[in-house]
Amino acid sequence: MGGTNPYIQAVDAKLPTKPYTITFLPGDVKVEVDPSKLPYSREGQKGSILEIALGHGVEIDHACGGVCACSTCHVVVRQGLESIPEATDDENDQLDNAPGLTPQSRLSCQSVPDGSKDLVVEIPSWNRNLVKEDH
Ligand code: FES
């Protein structure tokens, strides 16, 4: 499906003004985020971890299309969490349904880093649709 999703509501986020990097785990995929190129894709909030990941071929499940109506885009922000505004009540409500919740858990479609820190983001195994685990 193409086009802009009309159900995406803006979150209170400050877009980055300078380049920063997001390293996605596992796989150690390093993405350079250039603020002038946002958005990289159309799913989730502009500048969100989800839209940046998808725009760089890093697959994160996103069943609701990035409108804060599921918990499948759950990621764990291992470093740089302080550069992302606090989760809204809506995000926290959805996160409550996410398996393997941690204090650093966020919905990647709603999390917009301000670029003041480099990030390390772990994609939980149940969200890696395209990666087959060996077990
Ligand atoms: S994709 Fe559904 S909440 Fe993020």
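For the structure itself, consult the block above.
Residues numbered from 1 in each chain as written. Predicted model: local features only at pLDDT ≥ 70, side-chain atom pairs only at ≥ 80, totals over all residues. Heavy atoms only, no water.

> Looking at this structure, how should I read unusual backbone geometry?
Where the residue is not glycine, phi is negative for most of them; where a peptide bond is considered, it is trans in most cases. Residue Leu 25 is joined to Pro 26 through a cis peptide bond whose omega torsion reads -10°. Mapped onto the secondary structure, Pro 26 falls in the loop between β1 (20–25) and β2 (29–33). The omega torsion of the bond from Leu 38 to Pro 39 falls at -5°, within 30 degrees of zero and hence cis. Note that Pro 39 resides in the loop between β2 and α1 (49–55). Positioned with a positive phi, Asp 28 is a non-glycine residue whose angle comes to about 55°. Positionally, Asp 28 belongs in the loop between β1 and β2. A positive phi angle is found at Cys 68, which is not glycine, with a value near 65°. (Helix = DSSP H or I, 4+ residues; strand = E, 2+ residues; numbered from the N terminus.)

> Quick question: what am I supposed to make of the sheet that holds β2 here?
Consider a sheet: its strands pair through backbone hydrogen bonds, and that pairing is either parallel or antiparallel. The mixed open sheet is built from five strands, whose spatial order is β2-β1-β5-β3-β4. The open sheet has two free edges, formed respectively by β2 and β4 (105–107), since each of these has just one partner strand. Geometrically, the sheet is characterised by an average inter-axis angle of 35° between neighbouring strands, direction not taken into account. (Pairing = 2+ DSSP bridges. Axes fitted to C-alpha atoms, helices over the stretch in contact; angles between N-to-C directions.)

> Honestly, the side chain of Ser 105 in this entry has me stumped. Any pointers?
Here Ser 105 lies in strand β4. Take Ser 105: its relative accessible area is 5%, and that puts it in the buried class. Engagement of the side chain of Ser 105 in a polar contact is seen with the side chain of His 74, the distance being 2.7 Å. Of note is the side chain of Ser 105, whose polar atom sits 2.7 Å from the backbone nitrogen of Thr 102. (Buried < 20%, exposed > 50% of the residue type's maximum accessible area, 1.4 Å probe, protein only. Polar contact = N/O pair within 3.5 Å; in protein donor to acceptor, adjacent residues only side chain to side chain.)

> Looking at this model, I keep getting lost on the pairing of β1. Mind explaining?
Side-chain direction in a regular strand flips from residue to residue, so the side chains alternate between the two faces of the sheet. Most of β1 is tucked away, with five of its six residues classed as buried. Turn length for the β1-β2 hairpin, with the two strands adjacent in sequence and antiparallel, is three residues, and the turn residue Gly 27 shows positive phi of about 105°. Bridge analysis of β1 against strand β5 (residues 119–122) gives four bridges, and the strand direction is parallel. Counterpart to Ile 22 in the pairing with β5 is Leu 119.

> Looking at this structure, how should I read the pattern of salt bridges?
Taken as a whole and assessed by the stated rule, the structure comprises three salt bridges. With a shortest N-O distance of 2.7 Å, Glu 91 and Arg 106 are connected by a salt bridge. One end of the pair, Glu 91, is in helix α2 (residues 89–95); the other, Arg 106, is in strand β4, with 15 residues separating them in the sequence. For Glu 91, a relative accessible area of 2% translates into the label buried. (Salt bridge = Lys/Arg side-chain N within 4 Å of Asp/Glu carboxyl O.)

The analysis is restricted to geometry; functional conclusions fall outside its scope.
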